[in-house]
Amino acid sequence: MCVIIHQPKDNRQVTFEEFQSSWQSNPHGFGLMYFHNGSVRIEKSMKMMDAWDIYSNLSKELEWETDFVLHFRWSTHWTIGLANTHPFHCGNGKYLVHNGVLGYTSDKPWQEDFSDTRLLAKTLEDIDGDETYNNWLDNPVVCDFVNSVCTWDKILVMGNDGVVHKFGDKGVMSPCGQLWASNDSPFDMYGYCTHKTQVIEPQEYDISEGFFEDGVWITNQEYCERYGIPYDPADWK
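Residues numbered from 1 in each chain as written. Predicted model: local features only at pLDDT ≥ 70, side-chain atom pairs only at ≥ 80, totals over all residues. Heavy atoms only, no water.

**Q** Is there a simple way to think about the nonpolar core in this case?
**A** Across soluble globular proteins, nonpolar side chains have a tendency to be buried as a group. Phe19, Phe30, Leu32, Tyr55, Leu70 and Phe72 are the most contacted members of the largest nonpolar core, which has 21 residues in total. For this core, the elements supplying multiple residues, two or more each, are β1 (3-7), α1 (16-25), β2 (30-36), α2 (48-62) and β4 (68-72). It is α2 that contributes the most residues to this core, six residues altogether. The contact partners of Leu32, leaving out residues within four places of it in the chain, are Arg41, Ile42, Glu43, Ile54, Tyr55, Leu58, Phe68, Val69, Leu70 and Pro87. Leu124, Cys143, Ile155 and Phe167 belong to the second largest nonpolar core, which has 18 residues in total. (Core = buried A, V, L, I, M, F, W, Y, C linked by side-chain atoms within 4.5 Å. Buried < 20%, exposed > 50% of the residue type's maximum accessible area, 1.4 Å probe, protein only. Helix = DSSP H or I, 4+ residues; strand = E, 2+ residues; numbered from the N terminus. Contact = heavy atoms within 4.5 Å.)

**Q** Explanation requested: the sheet that holds strand β5 (residues 88-89) in the structure shown.
**A** Remark on secondary structure: sheet strands pair via backbone hydrogen bonds, oriented parallel or antiparallel. Here we have four strands laid out as an open sheet, ordered β5-β6-β7-β8, and antiparallel in their pairing. Two strands lie at the open edges of the sheet, namely β5 and β8 (164-168), each paired on one side alone. The sheet contact formed by strand β7 (residues 154-158) and β8 spans five bridges and is antiparallel. Looking across to β8, one finds that Val157 is bridged to His165. Across the face of the sheet, helix α4 (residues 140-150) comes into contact with β7 and β8 while running at roughly 50° to β8. (Pairing = 2+ DSSP bridges. Axes fitted to C-alpha atoms, helices over the stretch in contact; angles between N-to-C directions.)

**Q** What is the right way to look at the packing of aromatic side chains in this model?
**A** The geometry of an aromatic ring pair is captured by the separation of the ring centres together with the interplanar angle, meaning the angle of the planes. This structure, assessed with the given rule, holds 10 aromatic pairs. Ring centres of Phe19 and Phe30 lie 5.2 Å apart, and the angle between their planes is 55°; on these two criteria the pair is classed as tilted. Linking Phe19 in helix α1 with Phe30 in strand β2, this pair joins segments that are 11 residues apart in sequence. For the residue pair Phe19 and Phe30, the accessibility class agrees, reading buried in each case. Relative to Phe72, the ring of Phe30 lies with its centre 5.2 Å away and its plane at 55°, an arrangement referred to as tilted. Of the two residues, Phe30 is situated in strand β2 and Phe72 in strand β4; the sequence distance between them amounts to 42 residues. Ring pairing ties together the aromatic residues Phe16, Phe19, Phe30, Tyr34, Trp52, Tyr55, Phe68 and Phe72, which thus form one cluster. Sitting over the ring of Trp180, Lys166 keeps its end group 5.0 Å from the ring centre. (Phe/Tyr/Trp six-rings, centres within 6.5 Å; stacked < 30°, edge-to-face > 60°. Lys NZ or Arg CZ within 6 Å of the ring centre and 35° of its normal.)

**Q** Sorry, what's going on with the pairing of β2 here?
**A** Remember that side chains alternate between the two faces of the sheet whenever the strand is regular. The buried fraction of β2 amounts to seven of the seven residues, a majority that puts the element mostly inside the structure. Here β2 shows two buried faces, one formed by Phe30, Leu32, Tyr34 and His36 and the other by Gly31, Met33 and Phe35. Where β2 and strand β3 (residues 39-45) come together, seven bridges link them in antiparallel fashion. Note on β3: the bridge partner recorded for Phe35 is Val40. From the end of β2 to the start of β3, which pair antiparallel, there are two residues, and Asn37 there has a positive phi angle of about 55°. When β2 meets β4, the two strands line up antiparallel, connected through five bridges. What sits directly across from Phe30, in β4, is Phe72.

**Q** Honestly, the packing of α1 against α2 in this entry has me stumped. Any pointers?
**A** A packed helix pair is summarised by two numbers, namely the angle formed by the two axes and the spacing between the axes. Running from amino to carboxyl end, α1 crosses α2 at an angle of 140°, the nearest separation of the two axes being 11 Å. The angle between the axes of α1 and α2 places the two elements in the oblique class. Considering how the two elements wind past one another, α1 and α2 form a crossing that is right-handed. Judged by residue contacts, Phe16, Phe19, Gln20 and Trp23 of α1 engage Met48, Met49, Ala51, Trp52 and Tyr55 from α2. Taken together, the residues of the contact of α1 with α2 sort by class into eight nonpolar, one polar and no charged. (Parallel < 35°, antiparallel > 145°, perpendicular 65-115°, else oblique. Left-handed = near helix turned anticlockwise from the far one by under 90°. Nonpolar A, V, L, I, M, F, W, Y, C, P; charged D, E, K, R; others polar.)

**Q** Looking at this structure, how should I read the pattern of salt bridges?
**A** Oppositely charged side chains may form a pair once their charged atoms are brought near each other. This structure, assessed with the given rule, holds three salt bridges. One salt bridge in this structure joins Glu18 and Arg12, with 2.7 Å as the shortest N-O distance. The class for Glu18 is buried, based on a relative accessible area of 0%. In this structure, the salt-bridge partner of Asp128 is Lys94, at a minimum N-O distance of 2.4 Å. Here Asp128 is found in helix α3 (residues 116-128), whereas its partner Lys94 is found in the loop between β5 and β6 (95-99), with 34 residues between them in sequence. What makes Asp128 buried here is its relative accessible area of 10%. (Salt bridge = Lys/Arg side-chain N within 4 Å of Asp/Glu carboxyl O.)

These values are about where atoms sit, not about what they do.
Here is the structure:
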């Protein structure tokens, strides 16, 4: 399952250890959304140290200006790559991230490789294009629909004004500082949950060639063979 971290404006930054712990458990793509110069901005990366550099530099520069929402993807069914990496545009300058499994599918050939979250975002984008709804965040019927598809999942939406809206399960707070997370994997090193993830210095491994699963290094090819997924090195770049 993916993990989302919400860093409110003026609060502490995510530490490297928390970032690494999140990546080790969810190594299939990193995404970031924040608000700058009047609009929501997004960044995505498939490499851990590149992702860390993007986040750490922006959070130092803009920590007094904007909330940050970080997403670390664990792929359940669909292609691993930037196209299915969160955040996704969901209408009128808004973006969303999600953790969990929605089970959405599409019968449209051009959407056959869309992840379930990407399909939900496209649905909300289409709703926003309908004059009946305009901004769906202001419509209680649509918001109730988003909550209804969450169950135990979590969806965070950053509106085109930079305000973060949470849907679904309540998530957890970090034990040291006001960070919200969709689950406790970012805080494993604090003993916050029963499962412990081994913290390994990233330079000892080629992050582009593999990742940590339950603290054990596994190559991308080994992962595909284990779960019966066709292996193409291009999908992991």
